[in-house]
Amino acid sequence: MPGLRLIFLGLSLLIISKFSIQAQIHFEPLELGKSWNSGSSLASVDINGDLLPDLVSIHQGVELWIGLNTGDLRFLWQKLDEIDGIVWTINIADIDNNGYNDIIVAGEQFGILLFSQNLNGFTKSVIDATPFFSQASTLFDLDNNGYLDLTICDELAKTRLYLNPFPAPFKRDTTFINFKIKEKMVKREIMVVSGQTLMMMMIQIYIFPDAGPM
């Protein structure tokens, strides 16, 4: 019967595809050579220029560690700094275009720190010493000057923008983009999960008409 043949063929293809996918994708948990507590911030990027993905992580919320990938499933760990406050975000990129990746960290008690890297290692400096409840952050060239700028969410206020006018240091800018979100742009939904009430904030993405020249 044609109908049964089609059903049998469909089930056969489903079983074959399932095992085929499982054969192609396989993950095996391995020890990283160091135990972590509260490693809330983690990044994977090539730190030392050997084309292998390294790890940058925060231990206990305050210790900045780098794990250099040896290429044989091992990481060599070194402590870069102990930060005076809890770190919430990590960004890694070549800030000054010197061919070495730099590290930016932000936290509630200490503001924003920059660890600039060159041939001789890392140098620590302060982007903004003002404490604020930092959240998600990202880097991109907003003003098209060839250097990466920083936007970082303030949990209790408007998003912050720091332009990168290299060789001058990062400078906070409050006029390039109007980050104010009107009440009508925000939709709130309440849902109950296991007896707990959660507030979900869904914010749409807008291109602000009063943004500066791009």
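Above: the structure in question.
First, a word on scope: everything that follows refers to the structure included in this document. Note that the coordinates shown come from a computational prediction; the quantities given were computed from them, not determined experimentally. (Residues numbered from 1 in each chain as written. Predicted model: local features only at pLDDT ≥ 70, side-chain atom pairs only at ≥ 80, totals over all residues. Heavy atoms only, no water.)

So, the overall build of the protein chain
No. 1: The number of helices and strands found in the protein chain is one helix and 14 strands.
No. 2: Each of the 214 residues in the protein chain was classed as buried or not, and the buried ones make up 35%.
No. 3: Partitioning the intrachain contacts of the protein chain with sequence separation of at least 6 by distance along the chain shows that 29% fall at a separation of at least 24.
No. 4: Counting only carbon and sulfur atoms, one obtains 60% of the accessible surface of the protein chain, whose full area is about 14,100 Å². (Helix = DSSP H or I, 4+ residues; strand = E, 2+ residues; numbered from the N terminus. Buried < 20%, exposed > 50% of the residue type's maximum accessible area, 1.4 Å probe, protein only. Contact = heavy atoms within 4.5 Å. Areas by Shrake-Rupley, 256 points an atom, 1.4 Å probe, with all protein chains shown as cover.)

Some words on the sheet that holds strand S4 (residues 75-82)
No. 1: Strand order in the open sheet formed by four strands is S1-S2-S3-S4, and the pairing between neighbours is antiparallel. A single partner strand is all that each edge strand has here, and the edge strands are strand S1 (42-45) and S4. The sheet shows a mean angle of 20° between the axes of neighbouring strands, taken without regard to direction.
No. 2: Where strand S2 (residues 54-59) lies against strand S3 (residues 63-69), five bridges are found, and the strand directions are antiparallel. The residue of S3 that forms the bridge with Leu 55 is Gly 67. (Pairing = 2+ DSSP bridges. Axes fitted to C-alpha atoms, helices over the stretch in contact; angles between N-to-C directions.)

What to know about unusual backbone geometry
No. 1: The peptide bond linking Phe 166 to Pro 167 adopts the cis configuration, its omega dihedral lying at 15°.
No. 2: Its place among the elements puts Pro 167 in the loop between strand S11 (160-163) and strand S12 (171-173).
No. 3: Positive phi outside glycine occurs at Asn 144, with the angle close to 60°.
No. 4: Positionally, Asn 144 belongs in the loop between strand S9 (134-140) and strand S10 (149-154).
No. 5: By relative accessible area, Asn 144 is classed as exposed at 54%.

With respect to the pattern of salt bridges
Opposite charge on two side chains permits pairing when their charged atoms draw close.
No. 1: Scanning the model with the defined rule gives six salt bridges in all.
No. 2: Residue Lys 124 pairs with Asp 81 through a salt bridge whose shortest N-O separation is 3.1 Å. Placement of Lys 124 in strand S8 (residues 121-128) and of Asp 81 in strand S4 is noted, with a sequence separation of 43 residues between them.
No. 3: A relative accessible area of 17% means that Asp 81 is categorised as buried.
No. 4: Between Asp 128 and Arg 160 there is a salt bridge, and its shortest N-O distance comes to 3.2 Å. One end of the pair, Asp 128, is in strand S8; the other, Arg 160, is in strand S11, and 32 residues separate them in sequence. Judged on exposure class, the residue Asp 128 and its partner Arg 160 are both buried.
No. 5: Overlapping salt bridges, with partners in common, bring together Glu 63, Lys 79 and Glu 82 in one network. (Salt bridge = Lys/Arg side-chain N within 4 Å of Asp/Glu carboxyl O.)

Overview of the side chain of Asp 81
No. 1: There is a polar contact of 3.1 Å between the side chain of Asp 81 and the side chain of Lys 124.
No. 2: Residues in contact with Asp 81, not counting those within four places in the same chain, are Val 62, Glu 63, Leu 64, Phe 115 and Lys 124. (Polar contact = N/O pair within 3.5 Å; in protein donor to acceptor, adjacent residues only side chain to side chain.)

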